[in-house]
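So the chains spell out like this:
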Amino acid sequence: MRDHLRLPTSPGFWRSPLRGPWLTSVLGLVLLVGVTVLFVTGLVSYAAYNPGLSPVNDTTPDKGVLGFYLFAWPTDPVWLYRLTQGVHVTLGVTLIPVLLAKLWSVVPRLFTLPPARSVAHALERVSLLLLVGGGLFEFTTGVLNVQLDYVFPGSFYPLHFYGAWVFFAAFVAHAALKAPAAVRTVRRHSAEATETTRPAEAAELVEDDLVSPRPAPPTVSRRGALGMVGGASLLLFLTTVGQSLGGPFRRTALLAPHGTADPGGGPNGFQINKTAGYAGITPADTHADAWRLVVGGRTGTVRLTRADLLGLPLHSSSLPIACVEGWSTADQWWRGVRLRDLAALVGHDGDPPDVLVESLQRHGAFRRAALRANQVADPRSLLALQVNGEDLSPDHGYPARIIVPAAPGVLNTKWVARLTFGDL
Ligand SMILES: Nc1nc2c(c(=O)[nH]1)N[C@H]1C(S)=C(S)[C@@H](COP(=O)(O)O)O[C@H]1N2
Ligand SMILES: [Mo]
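None of the values given here were measured: they were computed from a predicted structure.

Enquirer: What is the right way to read the overall build of the protein from this model?
Expert: For the protein, the helix and strand inventory stands at 14 helices and 10 strands. By principal-axis analysis of the C-alpha atoms, the protein measures approximately 85 × 45 × 40 Å. Buried residues in the protein amount to 48% of all 424 residues. A fraction of 71% describes how many contacts in the protein between residues 6 or more apart in sequence connect residues 24 or more apart. When the accessible surface of the protein is split by element, carbon and sulfur atoms take 65% of a total near 20,200 Å². Between the centroid of the 36 positive side chains of the protein and the centroid of its 30 negative side chains there is a distance of 6 Å.

Here you go:
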């Protein structure tokens, strides 16, 4: 008997008096809302990359029907991707304690023997495997991408994208099966707080397989445990959200990605993703004698020096940079040549087409990006030469970079060398 109780497959092995339908239901309902928002903002974030536009942007070429929902990402409001990706990353980080607590609360079930009592039970357990595995996988890949800065070179998107569909499919099945009972449990519990428990219902509660048959003495109440989970979430929230809010809150973003270059002060003193040094851009590459912007389109190709560009009509736009990692900057004051004016230089007057942007950078996933016609046409979309009244710094993309309203940071190519206008 004693040996038997030492095995996790024995219900008696799990002794916490906190486990029970109420705790599991509350955590489950929080995840029901939270994971749904994560899934939707994640899909939206993927659409923002214009993956349907060009093979250059498409990091999940085998997505097939999973790309059914892709749409032309708008350029308004300019903070759109700041919001959707800020919510995605901040919420994901905030839900980590809830996810772990939920798994802890049902862990005895994961060990239940026999592994399957029937075909239906077998299916249920396979779906649980996909649910737990998929959930852990999505949270882990997400956090690694934010914190370790692309540990999966080029492969984060497919992993996180396909993983999301597997996880969410299992999640929908699980929610459909469990949510009604979870709602009933929570309702009944709040009713109990005011009435006395009817014996039949009390019996039902105790018989639940989550309730330990030989509970250890409690050290904290269920509400207290829930408070600890909520407190951990709140702490993560408060140390993450500042990276998206910006301003004085940026200093509270203790969990924002580290190891990034210190942007220093002055007009160029805002967050840097990859430095010129990292991207292999040298002063010799960007020197006035060496650097030319090559613009291709309907009527051929023109080559422009930086001085030529400065001689074209210059415009200003106040736009943020918002990265997939969740951080974003406040609006910066960019100045440069409108993309649609550059399109007009090579024969695309009126309705400009898509554009393929290529960087001086020779290697790396972000050296090229395709922008959609609506992004090219927006008068705020610039090939920026200056920011906040000064020339771009090398790390922010000198001699010239793209800045497009509402687009993810990765589409704002730095150290631009070539623009090719045409339908992609
Ligand atoms: N050539 C090139 N452009 C690039 C990148 C890059 O690695 N190489 N990073 C992109 C990403 S992911 C972001 S978030 C923004 C960051 O711009 P910033 O460093 O000026 O803030 O630049 C984008 N442009
Ligand atoms: Mo980014």
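Enquirer: Before we go on, may I ask you to explain the nonpolar core in this structure?
Expert: The tendency in soluble globular proteins is for nonpolar side chains to be buried side by side. Within the largest apolar cluster, 83 residues are counted, with the highest numbers of intra-cluster contacts made by Trp334 and Leu419. Top contributing element to this core by residue count: helix 2 (residues 21-47), with 11 residues. Each of domain 1 (2-243) and domain 2 (276-421) contributes no fewer than three residues to this core. Once residues lying within four places of it in the same chain are set aside, the contact partners of Leu419 are Leu293, Val294, Val295, Gly296, Leu342, Val355, Leu356, Val357 and Ile402.

Enquirer: Can you walk me through the pattern of salt bridges in this structure?
Expert: Pairing is possible between side chains of opposite charge, provided their charged atoms come close. Under the criterion given, the structure shown has 6 salt bridges. For Asp76, the salt bridge identified is with Arg380, shortest N-O distance 3.1 Å. Placement of Asp76 in the loop between helix 2 and helix 3 (80-94) and of Arg380 in the loop between helix 14 (373-377) and strand 7 (382-387) is noted, with a sequence separation of 304 residues between them. With relative accessibility at 46%, the residue Asp76 sits in the partly exposed group. Salt bridges here are not isolated pairs; linked through shared partners, they connect Asp76, Asp378 and Arg380.

Enquirer: Please explain the site of ligand 1 as it appears in this structure.
Expert: Taken together, 18 residues sit near ligand 1, with Gln271, Gln361, His396, Arg401 and Lys414 positioned nearest. A distance of 3.2 Å separates a nitrogen atom of ligand 1 from a polar atom in the side chain of Ser359. For ligand 1, an oxygen atom lies 2.6 Å from a polar atom in the side chain of His396. Contact with the protein chains hides 99% of the accessible area of ligand 1, taken as 530 Å² for the molecule alone. Of the residues that constitute the shell around ligand 1, the class distribution is 7 nonpolar, 8 polar and 3 charged.

Enquirer: I'm lost on the packing of aromatic side chains in this one. Help?
Expert: Per the counting criterion, the structure on display carries 16 aromatic pairs. Measuring from ring centre to ring centre gives 6.5 Å for Trp73 and Tyr81, while their planes differ by 80°; the resulting arrangement is edge-to-face.

Enquirer: Can you walk me through the pairing of strand 7 in this structure?
Expert: Where a strand is regular, its side chains alternate between the two sheet faces. For strand 7, the buried fraction is high: 6 of the 6 residues fall into the buried class. Summarising the sheet, strand 4 (residues 332-338) and strand 7 pair through 5 bridges and their orientation is antiparallel. The residue bridging Arg338 from the neighbouring strand is Leu382, located in strand 7. Two strands pair when backbone bridges link them, and strand 7 and strand 8 (residues 390-391) are joined in this way by 2 bridges, in the antiparallel orientation. If you follow Gln386 over to strand 8, its bridge partner there is Asp391. Two successive antiparallel strands, strand 7 and strand 8, enclose a turn made up of 2 residues, where Asn388 displays a positive phi of approximately 50°.

Enquirer: Explain the domain arrangement of the protein here, please?
Expert: Buried accessible area, meaning the area lost when the parts come together, often serves as the stated size of an interface. On domain assignment, one finds that the protein holds domain 1 (2-243) and domain 2 (276-421). A separation of 40 Å is found between the C-alpha centroids of domain 1 and domain 2. Across the boundary between the two partners, domain 1 contributes 27 residues, which contact 29 residues of domain 2. In total, about 2,500 Å² of surface goes out of reach between domain 1 and domain 2, with carbon and sulfur atoms giving 56% of it. Among the residues of domain 1 in contact with domain 2, Thr75, Val78 and Arg82 are the three that bury the most area, contributing 25% of the side total. Remark: the boundary between domain 1 and domain 2 carries 13 residue pairs in polar contact (both at pLDDT 80 or more). At the level of elements, helix 3 and helix 5 (119-147) are the ones that each hand at least two residues to the side of domain 1 that touches domain 2. It is helix 3 that contributes the most residues to the side of domain 1 that touches domain 2, 6 residues altogether.

Enquirer: What should I look at first to understand the sheet that holds strand 5 (residues 355-359) in this one?
Expert: Taken in spatial order, the 5 strands make up an open sheet running 2-1-10-5-6, and their pairing is mixed. Edge positions in the sheet fall to strand 2 (300-304) and strand 6 (368-371), since each of these pairs with one other strand and no more. Direction aside, neighbouring strands of the sheet carry axes that sit 15° apart on average. Where strand 5 lies against strand 6, 4 bridges are found, and the strand directions are antiparallel. The residue bridging Glu358 from the neighbouring strand is Arg368, located in strand 6.

Enquirer: Explain a nonpolar patch on the surface to me, please; I cannot follow it from the model alone.
Expert: Side chains of Val33, Val37, Trp79, Leu83 and Val87 sit close together on the surface and give an oily, nonpolar patch of about 430 Å² of accessible area. Mapped by element, the contributors of at least two residues to the nonpolar patch are helix 2 and helix 3. A relative accessible area of 44% places Leu83 in the partly exposed class.

Enquirer: Would you mind going over the pairing of strand 1 (residues 293-297) with me for this structure?
Expert: In terms of burial, strand 1 is largely enclosed, as 4 of its 5 residues are buried. In this structure, the hairpin formed by strand 1 and strand 2 is closed by a connection of 2 residues. Bridging between strand 1 and strand 10 (residues 416-421) involves 3 bridges; their strand directions are parallel. Paired with Val294 across the bridge in strand 10 is Arg418.

Enquirer: What should I look at first to understand helix 8 (residues 222-238) in this one?
Expert: With 17 residues, helix 8 should cover 24 Å at 1.5 Å per step; its first-to-last C-alpha distance of 24 Å lies within 8% of that length. Buried positions along helix 8 lie against helix 2, helix 3 and helix 4 (96-110).

Analysis parameters
Residues numbered from 1 in each chain as written. Chains lettered and ligands numbered in written order. Predicted model: local features only at pLDDT ≥ 70, side-chain atom pairs only at ≥ 80, totals over all residues. Heavy atoms only, no water. Helix = DSSP H or I, 4+ residues; strand = E, 2+ residues; numbered from the N terminus. Buried < 20%, exposed > 50% of the residue type's maximum accessible area, 1.4 Å probe, protein only. Contact = heavy atoms within 4.5 Å. Areas by Shrake-Rupley, 256 points an atom, 1.4 Å probe, with all protein chains shown as cover. Lys, Arg positive; Asp, Glu negative; His and termini not counted. Charge placed at Lys NZ, Arg CZ, Asp CG, Glu CD. Core = buried A, V, L, I, M, F, W, Y, C linked by side-chain atoms within 4.5 Å. Domains from an automatic or database assignment. Salt bridge = Lys/Arg side-chain N within 4 Å of Asp/Glu carboxyl O. Near = heavy atom within 4 Å. Polar contact = N/O pair within 3.5 Å; in protein donor to acceptor, adjacent residues only side chain to side chain. Nonpolar A, V, L, I, M, F, W, Y, C, P; charged D, E, K, R; others polar. Phe/Tyr/Trp six-rings, centres within 6.5 Å; stacked < 30°, edge-to-face > 60°. Pairing = 2+ DSSP bridges. Buried area = accessible area lost by both parts, 1.4 Å probe. Axes fitted to C-alpha atoms, helices over the stretch in contact; angles between N-to-C directions. Patch = residues over 30% accessible without salt bridge, like charges linked within 9 Å, V, L, I, M, F, W, Y side chains within 5 Å. Expected span 1.5 Å × (residues − 1).

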